[in-house]
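Analysis of the macromolecular model
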Amino acid sequence: MARVLGAPVALGLWSLCWSLAIATPLPPTSAHGNVAEGETKPDPDVTERCSDGWSFDATTLDDNGTMLFFKGEFVWKSHKWDRELISERWKNFPSPVDAAFRQGHNSVFLIKGNQFLRFDPVRGEVPPRYPRDVRDYFMPCPGRGHGHRNGTGHGNSTHHGPEYMRCSPHLVLSALTSDNHGATYAFSGTHYWRLDTSRDGWHSWPIAHQWPQGPSAVDAAFSWEEKLYLVQGTQVYVFLTKGGYTLVSGYPKRLEKEVGTPHGIILDSVDAAFICPGSSRLHIMAGRRLWWLDLKSGAQATWTELPWPHEKVDGALCMEKSLGPNSCSANGPGLYLIHGPNLYCYSDVEKLNAAKALPQPQNVTSLLGCTH
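So, how was this worked out
- Residues numbered from 1 in each chain as written.
- Predicted model: local features only at pLDDT ≥ 70, side-chain atom pairs only at ≥ 80, totals over all residues.
- Heavy atoms only, no water.
- Helix = DSSP H or I, 4+ residues; strand = E, 2+ residues; numbered from the N terminus.
- Buried < 20%, exposed > 50% of the residue type's maximum accessible area, 1.4 Å probe, protein only.
- Areas by Shrake-Rupley, 256 points an atom, 1.4 Å probe, with all protein chains shown as cover.
- 1 Å grid on protein atoms, 1.4 Å probe; cavity = no way out; pocket = protein on both sides within 12 Å on 5 of 7 lines; lining within 4 Å.
- Points joined across faces, edges and corners; volume = space filled by probe spheres on them.
- Nonpolar A, V, L, I, M, F, W, Y, C, P; charged D, E, K, R; others polar.
- Polar contact = N/O pair within 3.5 Å; in protein donor to acceptor, adjacent residues only side chain to side chain.
- Pairing = 2+ DSSP bridges.
- Axes fitted to C-alpha atoms, helices over the stretch in contact; angles between N-to-C directions.
- Disulfide = S-S within 2.5 Å.
- Phe/Tyr/Trp six-rings, centres within 6.5 Å; stacked < 30°, edge-to-face > 60°.
- Lys NZ or Arg CZ within 6 Å of the ring centre and 35° of its normal.
- Contact = heavy atoms within 4.5 Å.

Describing the overall build of the protein
Looking only at helices and strands, the protein features six helices and 25 strands. For the protein, the residues scored as buried account for 42% of the 372 residues in total. For the protein, the exposed surface amounts to about 19700 Å²; the carbon and sulfur share of it is 54%.

Regarding empty space enclosed by the protein
By volume, the largest cavity amounts to about 100 Å³. In terms of lining, the largest cavity is formed by 13 residues, of which the most central are Thr-234, Leu-255, Glu-256, Thr-261 and Leu-267. Classifying every residue of the lining of the largest cavity by side-chain character gives five nonpolar, five polar and three charged.

Some remarks on the side chain of His-191
Relative to the assigned elements, His-191 resides in strand β11 (residues 191-194). Within the local environment of His-191, its side chain forms a polar contact with the side chain of Thr-190, the two groups lying 2.9 Å apart.

Description of the sheet that holds strand β3 (residues 74-77)
Read from one edge to the other, the open sheet built from four strands follows the order β1-β2-β3-β4, with strand pairing classed as antiparallel. The sheet is open, and its two edges are formed by β1 (58-61) and β4 (83-85), each paired on a single side. Strand-to-strand twist in this sheet, taken as the mean axis angle between neighbours without regard to direction, amounts to 25°.

Side note on the state of the cysteines
Defined simply, a disulfide is a covalent bond joining two cysteines at their sulfur atoms. Under the criterion given, the structure shown has one disulfide. Two residues share a disulfide in this structure: Cys-276 and Cys-318, whose sulfurs sit 2.0 Å from each other. Handedness here is read from the sign of the S-S torsion; for Cys-276 and Cys-318, about 95°, the answer is right-handed. With Cys-276 in the loop between β18 (272-274) and β19 (281-286) and Cys-318 in strand β22 (residues 315-319), this residue pair connects regions lying 42 residues apart in the sequence.

So, unusual backbone geometry
Backbone torsion omega between Tyr-251 and Pro-252 reads 10°, so that peptide bond is classified as cis. Within the secondary structure, Pro-252 sits in the loop between β16 (246-247) and β17 (253-254). A positive phi is found at Glu-225, a non-glycine position, where the angle reads about 50°. Turning to its location among the elements, Glu-225 is positioned in the loop between β13 (220-224) and β14 (227-232). Of note in this structure, Glu-226 is not a glycine but carries a positive phi near 60°. Locating Glu-226 in the fold gives a position in the loop between β13 and β14.

Thoughts on the packing of aromatic side chains
Within the structure shown, the criterion is met by 11 aromatic pairs. A ring pair is formed by Phe-187 and Trp-211, whose centres lie 5.6 Å apart and whose planes are at 40°; its orientation type is tilted. Within this pair, whereas Phe-187 is found in strand β10 (residues 184-188), its partner Trp-211 is found in the loop between α4 (207-210) and β13, the two being separated by 24 residues in sequence. Its relative accessible area of 0% is what places Phe-187 among the buried residues. Seen in terms of ring centroids, Tyr-192 and Trp-211 are 5.3 Å apart; in terms of plane orientation they differ by 65°. Their pairing is edge-to-face. Of this pair, Tyr-192 sits in strand β11 while Trp-211 sits in the loop between α4 and β13, and the two are 19 residues apart along the sequence. Like Tyr-192, the residue Trp-211 is buried in the burial classification. Every member of this aromatic cluster is reached through a ring pair, and the members are Tyr-185, Phe-187, Tyr-192, Trp-211 and Tyr-245. Positioned over the ring face of Phe-74 is Arg-83, at 4.0 Å from the centre of the ring. One Lys or Arg, Arg-281, reaches over the ring of Trp-292 and ends 3.6 Å from the middle of that ring.

Brief notes about the pairing of β19
For β19, the tally of buried residues reaches five of six residues, placing the bulk of the element in the interior. Bridge count for β18 against β19 is three bridges, and the pairing is antiparallel. When the bridges of β19 are listed, Phe-274 appears paired with His-283. Where β18 hands over to β19, the hairpin turn is made up of six residues, of which Gly-278 adopts a positive phi near 80°. Of the pairings in the sheet, the one linking β19 to strand β20 (residues 289-294) comprises six bridges and is antiparallel in character. Residue Leu-282 lies in a different strand from β20, and its bridge partner there is Leu-293.

Side note on the side chain of His-310
Along the polypeptide, His-310 turns up in the loop between β21 (304-306) and β22. By relative accessible area, His-310 is classed as buried at 2%. Separated by 2.8 Å, the side chains of His-310 and Tyr-346 make a polar contact. Leave out the neighbours within four places in its chain, and His-310 touches Arg-288, Leu-337, Tyr-344, Tyr-346, Leu-352 and Leu-358.

Geometric descriptors of this kind do not, in isolation, establish any biological role.
See below:
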C-alpha cells in the first residue's frame with residue numbers, strides 16, 4: 001500500500017519539475033508546424049526574399065545612396081525593406097523591371113528592354129509624357145529618335161537632325177554653364193550635353209528631362225550660390241541645385257527684375273553670361289557689348305561696360321578646373337567663349353579685357369569629345 005507523501009516532499013518535487021520545464025522548454029510548434037501561442041508568424045515576404053533560390057530583377061541607388069531592389073511587380077528599399085508595388089509608386093509603368101540605372105544626382109531610369117521611365121529620386125515625381133521608347137533615346141535606330149516622326153507617333157530627333165549631332169559642322173551651341181556640384185552643360189536648341197563626364201556616352205538630352213519646368217531653349221546660363229540660372233529671351237529661370245534641380249517659387253521672371261539693366265538700355269535678349277568660381281561678378285554679353293555687375297546688389301546692380309575684342313559670342317563659361325584636353329590654362333580658372341563653330345580660350349577675364357585681337361580658335365565640337 002502506497003504511502004501518501006508529506007506536504008514538504010510533494011512541494012519539493014513540484015519545484016523540481018517546474019525548474020526542469022523552464023530549463024528545457026517545449027518546441028515552439030507542434031508536429032504539424034503550427035505557430036506556438038504568443039509567437040509572431042514569419043513574414044512570407046522575408047521568407048521568400050531570404051531563400052536560396054530567389055534573386056532580384058534589377059537594382060539601383062536613389063539620391064540618398066539607398067539601394068532600390070526590383071523583383072516582379074514589387075520594389076524594396078534597403079534598410080527598412082518595406083515592399084511596395086511598382087505600379088503604385090510609378091503610375092502607368094508596367095512591371096516587372098528589366099533594368100535600372102541612375103544618371104547624375106537627380107534622375108533614375110527604369111527600363112521595361114523597349115519602354116523606360118525617368119523619375120526624381122528625391123521627390124519621386126515622374127515628368128510628363130512617360131514612359132517613352134528606349135529606341136528613341138538610347139540607341140540609333142533608322143527612322144527613330146526624339147524629334148523624328150514615324151507611324152507610331154513617337155517624336156523628337158537626337159541622332160538624325162544635324163543640329164543635335166555632336167560632331168556635325170552645323171552644330172551651334174547656345175550656352176555653357178557649370179553648377180556648384182561640378183556638372184557642366186552645353187546647350188543647343190532644345191537639348192543639352194554633359195561636358196564633365198562621358199561615362200554615359202556623348203548623348204544629348206531634351207532640356208525638359210533635367211529641368212521639366214524650365215525654358216524650351218537656353219540663350220545664356222550661369223551658376224551662383226547653389227542656384228542655376230537659365231535665361232531665355234527676357235525671362236530667367238532659377239533652380240536650386242541641392243538634391244536635384246528645383247524651380248524656385250515665383251520664377252520665371254523678367255531678367256531685369258533679377259539683375260537690373262544697363263543705364264539707358266533695354267535688353268530684349270542676352271547672348272551669353274558667366275561667373276568665375278568664388279566670385280559674385282556676373283558678366284553679360286549682348287552683341288558687341290560686355291558688362292559686369294555684382295549679383296549681391298540684385299536688381300539695383302550697376303552695370304559697368306568692359307572692353308573686349310569680340311563682335312558677338314553664343315556662349316561663355318569660366319571654370320577653375322580643366323575642361324578636358326582643351327583647358328585654357330594649366331592652373332587657375334579658364335575662360336571659354338564660343339561663336340558658331342569656334343571656341344576661344346582665355347586664361348582669365350583680365351586677359352579677355354586686354355586682348356586687341358581674337359586668339360587662334362579651336363573647334364567647338366572638341367568640347368563634346370570630337371577629334372575633328
